[in-house]
Amino acid sequence: MNKVSHILFLLAALVIVSAIAAITFGPADITVKQLMTCLIGHCQSQVTDVVIWQVRIPRVLVALVAGMGLAIAGAILQNITRNPLADPYLFGIVSGAGLGATIANISLADNITVALPLAAFLGALFSVIIVVFIAKVLKSMEQLLLAGVAVSFMLASITQFILYFGEPFATNRVIFWLMGSLARVEMSNFYVIASILFIAIVAVFALHRQIDALLLGDESAASLGVNVDKLRLLMLGICAALTATIVAYCGGIGFVGLMIPHIVRQLIGVTTLKLIIGSALIGAIFLIWVDVIARSSLPHAEIPIGIITSALGSLFFLFIMYRSRVMH
Amino acid sequence: MSILLNIHDLSWKVQQKTILQRINFNIRKGEVIGIIGPNGAGKTSLLRCLTNQANILANANISGRVYLKNTLLTTFSAKEIAQHFALVMQKNDSIFALSVEDVMKMGLLPHKSLFSLDNHHDKTQITLALSKVGLSDALHTHFNQLSGGEQQRVLIARALVQASQILILDEPTNHLDVYYQHQVLQLVNKLNITVIMTVHDLNLASLYCQRLLLLNKGELVCDGSPQSVLTPERLSHIFGLHCQQSIDDITGATQVSFYLEENNRYKNSLSTKVKADTLPNTLPNIVPDIEADIVAKNPTTNKRRDFNE
């Protein structure tokens, strides 16, 4: 077994350990022994059983798949655009989701629990449709990325305009939602995100050689039999659906898609298969622990997860950059 | 030798501009063909048509047909075309730190199905191809850290892994120094497969290609052996320069040299001028002139001079 396989096995083990350990963190004290008893169905306390199965496990599982999903989406986008700064958020997905959430908050205040994620998803989808349409017209990758940024700013400005004239309570709700949180997630959310994640992983496994071929340029890939435009549109669509679903349930969680693939490239490798597996595992570990920090660092409150991902992410990113500079 | 590729009446126009005009030629198995001509002659466009990249032949502005083994090229899928043609581009940088192994594995793509992983046979193929180009030790080296010539050799090795019958090279010697230019072209010659390449350097083309296709303004001007294609009259007409043909003493290949008309005139004019070393080795003394000027303009000085005299 080579070095890469060793690292991947170690990371997979860390994901399992992290997920189990993360369940024990939170306001209610749950020991590892209690957790194990409850996991095998012999829970002694009803409260502990409810906390573990209805609060902690859904939350940890959503953190796991959301971390995997965001990191994979970033990794795919960076490889298909050959741009290390590509990120799901760069394509206006969060701005679109924000616009959808704003409209839902302002106009459907009565039934917001269902309407907000749905509207956020539709908003994200709307922004992706605009970017994909632009991608079809513009063949150049640089222009596509710039178009994504432009769409992002356009949708954000519409959101801000609505919020400026909107009711303060609804405005607050949207702002807090955009900061990201896993406090209200349910098991059903996990199933939805996991199914789209599964489709994305299967698609990447099927097409990993084609995506790799793009790394030496479009012309080189085309000479190897790759339909470059179709592949890029398909992957863009998959990343958009994945990110839109995660954002719809968890709000804005920035930096994971940008940062995790960079760490994986340093540790494991740049080709798609290694990058995707590594990103999925490190992304999961990262978001599980960030959520633990979010829910257990303050005594009676939670810190929005997006704030921690951005803060931790940027610091860690600078550290990695410094380390690689020193090593070179 | 059997005909591998047949190009019939190929024309390409983009907004009234002729890219290619009624191109006709055949390529036989095992030939090493150089496509030469000035910038904008249509060399790279012709290569693109030959590989039907991104369904270029389905373009409404293109007429004519390309046959691969007597079958119309447009009936082949992109994957089938990649199984027959391997393309080596001028420049292939990657922003990510790809290893030579990663680049080599790309060559397996046209022969792999979805979900397929690498097997032992693939690894043997890669090792064999790298040893053929003399880079056996470079498997785990970063592709971007290789020299231009080594990168070209890796891409030729990737083409070998691709196991195609026709190797297409677009300006393979660009960005390479003289040593690597010869090394890469010699390697291409030794592969014993059909090679079609665009080459800017006519002397290199003559040395390493069995047959040359001379393009000018989208038209195929001449097709034949280097000696028959590289005639001074034809090249002078196309490149707008004076040309002289000779046979290289060592290689026996036809060689051409170009020179500007001004250069010729300059040479002639030099012989009529005084040679540089016969010129006086002193700087012209401008001070007396200034003094004389001042004196001429100043009557007082004149008077004083008069007085002194």
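Residues numbered from 1 in each chain as written. Chains lettered and ligands numbered in written order. Predicted model: local features only at pLDDT ≥ 70, side-chain atom pairs only at ≥ 80, totals over all residues.

Draft legend 1. Representation of the overall build of chain A. Helix and strand counts for chain A stand at 13 helices and zero strands. Element order for chain A, N to C, with α for helix and β for strand: α-α-α-α-α-α-α-α-α-α-α-α-α. Its C-alpha radius of gyration of 20 Å places chain A within 12% of the 20 Å reference for a compact globule of 328 residues. A principal-axis box enclosing the C-alpha atoms of chain A has dimensions of 65 × 60 × 35 Å. Burial status across chain A gives 50% buried among its 328 residues. Of the contacts formed within chain A by residues at least 6 apart in sequence, a portion of 76% connects residues at least 24 apart. (Helix = DSSP H or I, 4+ residues; strand = E, 2+ residues; numbered from the N terminus. Rg over C-alpha atoms; globule rule 2.2 N^0.38 Å. Buried ≥ 20, exposed ≤ 12 C-beta atoms within 10 Å, placed from the backbone. Contact = placed C-beta atoms within 7 Å.)

Draft legend 2. Spatial organisation of the domain arrangement of chain B. Residue and element names in this part refer to chain B. Its domain assignment divides chain B into domain 1 (3-226) and domain 2 (231-309). At the junction of the two partners, domain 1 supplies nine residues and domain 2 supplies eight residues. Of all the secondary structure elements, the ones that give two or more residues to the side of domain 1 that touches domain 2 are helix 7 (202-208) and strand 10 (219-224). Counting residues per element, the side of domain 1 that touches domain 2 draws most heavily on helix 7, at four residues. Tallied by class, residues from the side of domain 1 that touches domain 2 come to six nonpolar, three polar and no charged. (Domains from an automatic or database assignment. Nonpolar A, V, L, I, M, F, W, Y, C, P; charged D, E, K, R; others polar.)

Draft legend 3. The interface of chain B and chain A, seen in detail. Across the contact, 23 residues belong to chain B and 20 residues belong to chain A. For the side of chain B that touches chain A, the secondary-structure elements that each account for two or more residues are helix 2 (78-84) and helix 3 (100-106) of chain B. In terms of residue count, helix 2 of chain B provides more of the side of chain B that touches chain A than any other element does, four residues in total. A class-by-class count of the residues in the side of chain B that touches chain A yields 16 nonpolar, four polar and three charged.

Draft legend 4. Summary view of the confidence of the model for chain B. Residue and element names in this part refer to chain B. Residues of chain B with pLDDT of at least 70 account for 82%, and the chain-wide mean is 82. Put simply, helix 12 (residues 299-308) is where chain B has its lowest mean pLDDT, 43, and strand 3 (residues 32-36) is where it has its highest, 95. Contacts of residues 269-295 to residues separated by more than four positions or lying in other chains number five contacts, the stretch itself having pLDDT below 50. Predicted complex metrics record ipTM = 0.84 and pTM = 0.83. (pLDDT = per-residue confidence, 0-100.)

Draft legend 5. View of the packing of helix 1 (residues 3-23) of chain A against helix 12 (residues 272-296) of chain A. Residues and elements named next belong to chain A. It is at 9 Å that the axes of helix 1 and helix 12 come closest, and there the two elements cross at 25°. Between helix 1 and helix 12, the crossing angle belongs to the class labelled roughly parallel. With respect to the hand of their crossing, helix 1 and helix 12 are arranged in left-handed fashion. Contacts from Val4, Leu8, Leu11, Ala12, Leu14, Val15, Ser18, Ala19 and Ala22 of helix 1 reach helix 12 at Lys274, Ile277, Gly278, Leu281, Ile282, Ala284, Ile285, Ile288, Trp289 and Val292. Looking at side-chain class alone, the contact of helix 1 with helix 12 contains 16 nonpolar, two polar and one charged residues. (Axes fitted to C-alpha atoms, helices over the stretch in contact; angles between N-to-C directions. Parallel < 35°, antiparallel > 145°, perpendicular 65-115°, else oblique. Left-handed = near helix turned anticlockwise from the far one by under 90°.)

Draft legend 6. Molecular detail of unusual backbone geometry. Residue and element names in this part refer to chain B. For Phe115, which is not a glycine, the phi torsion comes out positive at approximately 70°. Structurally, Phe115 can be placed in the loop between helix 3 and helix 4 (120-132). Of note in this structure, Glu171 is not a glycine but carries a positive phi near 45°. As for its placement among the helices and strands, Glu171 is situated in the loop between strand 7 (166-170) and helix 6 (178-190).

Draft legend 7. Quick look at the nonpolar core. Grouped together as the largest cluster of nonpolar side chains are 179 residues, with contacts concentrated most on A:Val62, A:Ala66, A:Ile93, A:Ala244, A:Val247 and B:Ile168. Counting residues per element, this core draws most heavily on helix 3 (residues 46-81) of chain A, which supplies 18 residues. Here B:Ile168 is in contact with B:Leu47, B:Leu50, B:Thr51, B:Phe85, B:Ala86, B:Leu87 and B:Ile196, once residues within four sequence places are set aside. (Core = buried A, V, L, I, M, F, W, Y, C linked by C-beta atoms within 7 Å.)

Draft legend 8. Up close: the packing of helix 8 (residues 187-213) of chain A against helix 10 (residues 228-250) of chain A. Residue and element names in this part refer to chain A. It is at 10 Å that the axes of helix 8 and helix 10 come closest, and there the two elements cross at 160°. By the angle class used here, helix 8 and helix 10 are roughly antiparallel. The interaxial crossing formed by helix 8 with helix 10 has left-handed handedness. Across from Asn189, Val192, Ile193, Ile196, Leu197, Ala200, Ala203, Leu207 and Gln210 in helix 8, the residues of helix 10 making contact are Leu231, Ile238, Ala241, Leu242, Thr245, Ile246 and Tyr249.

Draft legend 9. Representation of helix 12 of chain A. The first and last C-alpha atoms of helix 12 of chain A sit 35 Å apart over 25 residues, in line with the 36 Å expected at 1.5 Å per residue. Here helix 12 of chain A lies mainly inside the structure; 21 of its 25 residues are buried. (Expected span 1.5 Å × (residues − 1).)

Draft legend 10. Molecular detail of the pairing of strand 3 of chain B. Residue and element names in this part refer to chain B. Among the five residues that make up strand 3, five are buried, leaving the element largely enclosed by the rest of the structure. Residues Val32, Gly34 and Ile36 point to one face of strand 3 and Ile33 and Ile35 to the other, with burial holding for every one of them. Of the pairings in the sheet, the one linking strand 3 to strand 8 (residues 194-198) comprises four bridges and is parallel in character. Within strand 8, the residue paired with Val32 across the bridge is Val195. As judged from the four bridges shared by strand 3 and strand 9 (residues 211-216), these two strands associate in the parallel manner. Looking across to strand 9, one finds that Ile36 is bridged to Leu214. (Pairing = 2+ DSSP bridges.)

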